[in-house]
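Below are the chains, spelled out letter by letter.
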Amino acid sequence: MIGHRFDFHQPKELDEAADLLARFGEDASVLGGGTMLVPSMSANLVRPAHLIGLSGLGLDSIELDGTHLRIGAMTTYAQLLASPIVASHAPLLAAMAAQVTGGASILNQGTLGGAASFANPSSDAPGCLAAMEAVFELHSSQGKRCMPACDFFADAFRTARRADEFLTGILVSRDATLIACQYQKYKASASSWPIVTVACSLHRGTQASVRLAVGAAGRRPAYHRFTIDERSLLAPDALIEQAASRALNLVGEGWNDELADGDYRRAIVPGVVRRHLRTLLAGAKA
Amino acid sequence: MKGTIQVRLTLNGEPRFADIDSRLLLVELIRDALDAKGTRVGCLTGDCGACTVLIDGEVRKACLVLAASISGNDVRTIEGIEGIETLKEAFIAENGFQCGFCTSGMIVAAADLLKQNPLPSQEEIRRAISGNLCRCTGYESIVNAVYRAAHGGRLSGGNGDE
């Protein structure tokens, strides 16, 4: 049993949830799927006076409109994997979800919004969502605001979400320019949290570009969009070297945890960036 | 919400009610309040899978669920999952357990796999039980047992651990 006493709230309406957070703010924790928060409370590592569960709000829909794919914050990894909309409009996200560890029980319970809000550097979702230039939809009693991934992921285990806000959805632009994408995590063993993740995609619109995000290596995802000359795709070595060194600079201070220290993570980055960009761009020459 | 709350659920096909402390986990509700001891308390961190149950037909870890969040759900534990006789016999035939602590969770996870994929490959079996730890490290026998239950015979190609 969880050691400390808390009030458990299960609002049925967005406004009710917003009012609770406006009242309790820093004294409240927001409960998503529970895969991190519930065990943290069992271990007395997190001791909120109020726990606000989002499961009654119907935030698990995946919708497509003319411009965006919108994924409700409580959408589980299993729902992402089962969605034909995600498969065709967000293949990078589908590839990430397919590599989440922990078995069917975690896929059924862990939520994309929860993983993003927890912002564990050594996890899958932040890097992938950064590479997708996802936008985060935050609700409070003052209304709704939308924030790009580069601002949302503020630091290790910290997002730009205010204490009176909760995440309701994640928006991804529909993108007809996407040619190819890759997601791969590097980990110490089959069930390990990632040591480094690479998410990259190639886009061909009026201007060709490569989006690259390295996760788990630093305190927050390292993301850059490289605008490229079509001709450079014919001999992409210089571009790949430039991206590998840029990615390492963006990683900055390496992330240390019990799985790997920061120097080790940084040492891996250039090699895996080269590997994935080579594969990504190899298909683009034709 | 007050310190004591009433929860209502269907446990293994039977409607049940309990007045519980709101700090209780689902696995504790099942074992302590409702006295179904087949589900184990292992790590309480969501890693080991000893507490694996079905909630509304989906495999879940009962240590990651607050009992207070259960509201009329259909919960099934090792005691109430139908059609697992073949799996049980295969676990015995293949020595799919040593101390037995992980076994109920393994069988719940394996039964869920076989329901969705009646003829899984060895790789698919490994993935399906990847949320379940066996600290006796008897994984080869467990994978063989699930394979035998599905295919009616041993894994070919020398994948046994003898």
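Residues numbered from 1 in each chain as written. Chains lettered and ligands numbered in written order. Predicted model: local features only at pLDDT ≥ 70, side-chain atom pairs only at ≥ 80, totals over all residues.

**Some words on the sheet that holds strand β11 (residues 178–187) of chain A**
All names here are of chain A.
At step 1: The four strands lie next to each other as β11-β12-β13-β14, forming an open sheet whose pairing is antiparallel. Of all strands in the sheet, those with a lone pairing partner are β11 and β14 (222–228), marking the two edges. Here the average twist between neighbouring strands, direction ignored, is 10°.
At step 2: Two strands pair when backbone bridges link them, and strand β12 (residues 194–204) and strand β13 (residues 208–215) are joined in this way by eight bridges, in the antiparallel orientation. In the sheet register, L202 faces β13, and the bridge partner there is V210.
At step 3: The strands touched by helix α5 (residues 91–98) within the sheet are β11 and β12, with β11 carrying the most contacts at an inclination of about 20°. (Pairing = 2+ DSSP bridges. Helix = DSSP H or I, 4+ residues; strand = E, 2+ residues; numbered from the N terminus. Axes fitted to C-alpha atoms, helices over the stretch in contact; angles between N-to-C directions. Contact = placed C-beta atoms within 7 Å.)

**A word on the pairing of strand β2 (residues 14–21) of chain B**
Regular strands show a simple pattern: their side chains alternate between the two faces of the sheet.
All names here are of chain B.
At step 1: Examined bridge by bridge, strand β1 (residues 4–11) and β2 share eight bridges and lie antiparallel to one another. When the sheet's bridge partners are listed, T10 is paired in β2 with P15.
At step 2: Linking β1 back to β2 in an antiparallel pair, the connection comprises two residues, with N12 at a positive phi of about 50°.

**Details of the domain arrangement of chain A**
At step 1: Looking at the assigned domains, one finds that chain A contains domain 1 (7–52), domain 2 (59–173) and domain 3 (178–282).
At step 2: Computed over C-alpha atoms, the centres of domain 1 of chain A and domain 3 of chain A are 35 Å apart. (Domains from an automatic or database assignment.)

**Concerning the pairing of strand β6 (residues 135–140) of chain A**
All names here are of chain A.
At step 1: One ladder, built from six bridges, connects β6 with strand β7 (residues 143–148); its direction is antiparallel. In the sheet register, H139 faces β7, and the bridge partner there is K144.
At step 2: Counting the residues that bridge the hairpin from β6 to β7 gives two residues.
At step 3: As defined by bridge partners, β6 adjoins strand β10 (residues 166–173) across five bridges and the pair is classed as antiparallel. Its bridge partner lying in β10, F136 is registered against I170.

**Brief notes about helix α11 (residues 262–282) of chain A**
Residue and element names in this part refer to chain A.
At step 1: For α11, spanning 21 residues, the distance from its first C-alpha to its last is 31 Å, which sits close to the expected 30 Å at 1.5 Å a residue.
At step 2: Its maximal kink placed at V269, α11 deviates by approximately 30°, while the proline P270 follows within four residues.
At step 3: Burial in α11 covers these residues: R265, V269, V272, V273, H276, L277, L280 and L281.
At step 4: Those residues of α11 that are buried lie in contact with β11, β12, β13 and α10 (237–251). (Expected span 1.5 Å × (residues − 1). Bend = angle between axes of the 7 residues up to and from the residue. Buried ≥ 20, exposed ≤ 12 C-beta atoms within 10 Å, placed from the backbone.)

**Overview of the nonpolar core**
At step 1: In this structure, L92, C128, A131 and V214 of chain A together with A67 and A110 of chain B are the most contacted members of the largest nonpolar core, which totals 139 residues.
At step 2: A per-element tally of this core places helix α3 (residues 103–116) of chain B first, with eight residues.
At step 3: With residues near it in sequence (within four places) discarded, A110 of chain B still touches L87, A128, I129 and V146 of chain B. (Core = buried A, V, L, I, M, F, W, Y, C linked by C-beta atoms within 7 Å.)

**Overview of unusual backbone geometry**
Residue and element names in this part refer to chain B.
At step 1: One non-glycine residue, L44, lies in positive phi territory at about 60°.
At step 2: Inspection of the secondary structure assignment puts L44 in the loop between α1 (26–33) and β3 (52–55).
At step 3: Judged by C-beta crowding, with 20 C-beta atoms within 10 Å, L44 ranks as buried.
At step 4: Of note, the phi angle at D56 is positive, near 50°, even though the residue is not glycine.
At step 5: Its place among the elements puts D56 in the loop between β3 and β4 (58–61).
At step 6: The class of D56 is exposed, set by 12 C-beta atoms lying within 10 Å.

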